Structures are given as C-alpha cells and as structure tokens.
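# Notes for the structure review
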Amino acid sequence: MINYILDRTTISKVLFYTNGMLLNRQNVDKLSRLHCKALTLETSIDGNSPEETEFWRKGSSYSTIKENLSYAYAVLDKQKTKLWIRGCNLVPLRMKNADWTQIIDYISGCGDYLRRDFPQANITFTYVSPSFENMPGTEILEYNNSNSLIVCMNVFNMISINHNGDILSCSCYQGNYDIIGNILSANIYNTWMNSPILNRAREAFSRGEAPDMCGKCVGATRISRLLVNQSR
C-alpha cells in the first residue's frame, strides 16, 4: 500500500505505525526498500514494564517485540530513519489527590525500561486515553487545563491513510473520524484539502475552539480526563 502511494504521488515522507508484533525481518526488509526520503517508524508499547505491556495488549509478547525492534533499528537506522516508541500508562490510584504537576512528574518516569532496552529510539510516554473509560475498575478524574491552547496539527499537516487505502479525517482513533475518500478512486491531496469535514475542523481550530470531530480526543479539549485503574 505504501509503495502504491509513493509511486502515484509526490509524497516523500512516511510515518508508519506498528505495535511491533508483525515487524518481523521480512517486513523490516520491505520497509528498507521503500523509495521515500524520510521514514518514521513509530511503535506503540504500553505499560510500565514488559508484564504490563502484555497485560494491556492482549496476545502481544514483549520478547518478540524487542527482537523485532532490535533488528529493525539495526537495518533502518542506517537509512537515517526516525525511530520512535510511544507509550501509554495508567496513572495509579495513589495519584488520585495529586495536582497536575505531580502527575507530570510521575509520567516523566514512565518508560524507563524502554529507554534501557531501546537506547537507539526516541521514547515518549503519555497518560491513558479516554478509550479506556468504560473498562471495569477505572475512575475518571478531571484536572483544570483551562490555560492551554486548543490546537491540533493533524488536520493541517498530516494525511492519514489506513490499510484499505481509506483517507481518514484524522489519524487519532480516539476521536470521531470519518472516511473522506479512498486513494484507489480519488486524488489524495485534493480530497484532503477540500474535505468539508476537515475544513470545518480547521476553521474551528483557527477560532481557538475544539471541532465536533475531536470530542473524544484529549489533545483537543480544555478539560482533559485521567483514568485511574482501581485494581492496580
């Protein structure tokens, strides 16, 4: 699919998401042969330990992910590929009465095991997304983030395409996204530039407001929610 896009457009930068399980040697070698100027490989590894990773991502194996990523870094790093690991972690119950600065301090310590195992990668960690809010044993906490700006660059500088070739209104699956076209039947750039859905979102952001499509996305709201797993 990526080769199909690269062969038919002037797109030169590719951001590829994976959980690492299917990033085997065969697929890494395919990525190494992509004819693009820049490749960013972003791997999602959640939890604050290998055990938590396997708990949150059912069916995953941290040892397999580690082996796959180690090979990928050895091969792709030579091509100046950007290598990122993006983690997500539940804030523990002991932080319930903490203020936001304390929560930030806790989050900054998350992912130390990833920094140890993958010194070649850029590691970023964040708090849990609202998609977990209906999971048993969680409690929703709110903190006041009213001084922050409402902004999201996804609708301005990123064209999101899924494995079926569908062009999505947003790359953030936490929000409400729509399929605005398909690369097999529509011009990618024109579809993305002229989408009424995206244009409404761009206009809302320009006014400092959160678009309707971003209703479930933490990054586009003034009041963000933290989820606490009461059983851990």
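Residues numbered from 1 in each chain as written. Predicted model: local features only at pLDDT ≥ 70, side-chain atom pairs only at ≥ 80, totals over all residues. Heavy atoms only, no water.

### Section: the overall build of the chain
What counts here: What counts as a helix is a DSSP run of H or I of at least four residues, what counts as a strand is a run of E of at least two, and both are numbered from the N terminus. Each residue's exposure class comes from its accessible area (1.4 Å probe, protein chains only) as a fraction of the maximum for that residue type: buried when under 20%, exposed when over 50%, partly exposed otherwise. A contact between two residues is defined here by any heavy atoms of the two lying within 4.5 Å. For accessible areas, the Shrake-Rupley method is used with a probe of radius 1.4 Å. Any residue's cover is judged against the shown protein chains and nothing else.
For the chain, the helix and strand inventory stands at nine helices and 10 strands. Within the span of the chain, comprising 232 residues, buried residues form 43% of the whole. Counting only contacts in the chain whose residues sit at least 6 apart along the sequence, the fraction spanning at least 24 positions is 68%. Accessible area of the chain: about 13,200 Å², with a carbon and sulfur share of 50%.

### So, the confidence of the model for the chain
To be explicit about the condition: The pLDDT value expresses, per residue, how confident the predictor is, ranging between 0 and 100.
A residue-level look at the chain finds 69% of positions with pLDDT of 70 or above and a mean pLDDT of 76. Across the chain, the element-wise mean pLDDT spans from 38 in strand 10 (residues 223-229) up to 94 in strand 9 (residues 179-182). Considering only residues more than four positions removed or in separate chains, one finds that residues 218-232, a stretch of pLDDT under 50, has 67 contacts.

### Points about the pattern of salt bridges
The line we're drawing: One side-chain nitrogen of Lys or Arg within 4 Å of one carboxyl oxygen of Asp or Glu is enough to make a salt bridge.
One pass over the full model with this rule turns up four salt bridges. Between D117 and K66 there is a salt bridge, with its nearest N and O atoms 3.7 Å apart. With D117 in helix 6 (residues 112-117) and K66 in helix 4 (residues 62-76), the pair connects residues that are 51 residues apart, well separated along the chain. Judged by relative accessible area, D117 falls into the buried class, the value being 15%. For D112, the salt bridge is made with R115, and the minimal N-O distance between the two is 2.8 Å. Of this pair, D112 and R115 both sit in helix 6, separated by three residues, roughly a single helical turn. D112 gets classed as partly exposed once you look at its relative accessible area, which sits at 48%. One continuous salt-bridge network, built from bridges that share partners, spans K66, R116 and D117.

### Regarding helix 2 (residues 25-32)
Formally: What the arc measures is the spread of directions leading from the helix axis to the C-beta atoms.
If you check which residues of helix 2 are buried, you get V28, L31 and S32. Axial view of helix 2: buried residues confined to an arc of 100°, hence all on one face. For helix 2, the elements touching its buried residues are strand 1 (13-18), strand 2 (38-44) and helix 4.

### What about the packing of aromatic side chains?
Aromatic ring pairs are reported here in terms of the distance separating the ring centres and the angle at which the planes meet. Heads up, the condition is: Under the pairing criterion, centres of Phe, Tyr and Trp rings, with the six-membered ring standing for Trp, must be within 6.5 Å; the plane angle then separates stacked pairs below 30 degrees from edge-to-face pairs above 60, leaving the rest tilted. Charge over a ring is defined by NZ of Lys or CZ of Arg lying within 6 Å of the ring centre and within 35 degrees of the ring normal.
For the structure on display, the rule yields four aromatic pairs. Pairing Y62 with Y113 gives two aromatic rings, centres 5.7 Å apart and planes at 45°, and the pair type is tilted. Linking Y62 in helix 4 with Y113 in helix 6, this pair joins segments that are 51 residues apart in sequence. Using a relative accessible area of 5% as the deciding quantity, one classes Y113 as buried. With 6.4 Å between their ring centres and 50° between their planes, F156 and F205 make a pair best called tilted. Taken as a pair, F156 in helix 7 (residues 154-157) and F205 in helix 9 (residues 196-206) lie far apart in primary sequence, 49 residues in all. One cation-aromatic arrangement involves R8 over Y4; the distance from NZ or CZ to the ring centre is 3.6 Å.

### Quick notes on the pairing of strand 1
Condition: Pairing between strands is defined by DSSP: at least two bridges between them are needed. The definition of a right-handed crossover adopted here requires that, viewed with the strands pointing away, the path from the first strand over the helix to the second runs clockwise.
By the bridge criterion, six bridges tie strand 1 to strand 2 in an arrangement that is parallel. Opposite Y17, over in strand 2, you have E42 as the bridge partner. Between the parallel pair strand 1 and strand 2, the chain is carried across by helix 2, and the sense of this crossover is right-handed.

### Topic: the sheet that holds strand 8 (residues 166-168)
Across the sheet, three strands lie side by side as 7-8-9; this open sheet has antiparallel pairing. Edge strands, defined here as strands with exactly one partner in the open sheet, are strand 7 (160-161) and strand 9. Across three bridges, the pairing between strand 8 and strand 9 is antiparallel. Its bridge partner lying in strand 9, L168 is registered against I179.

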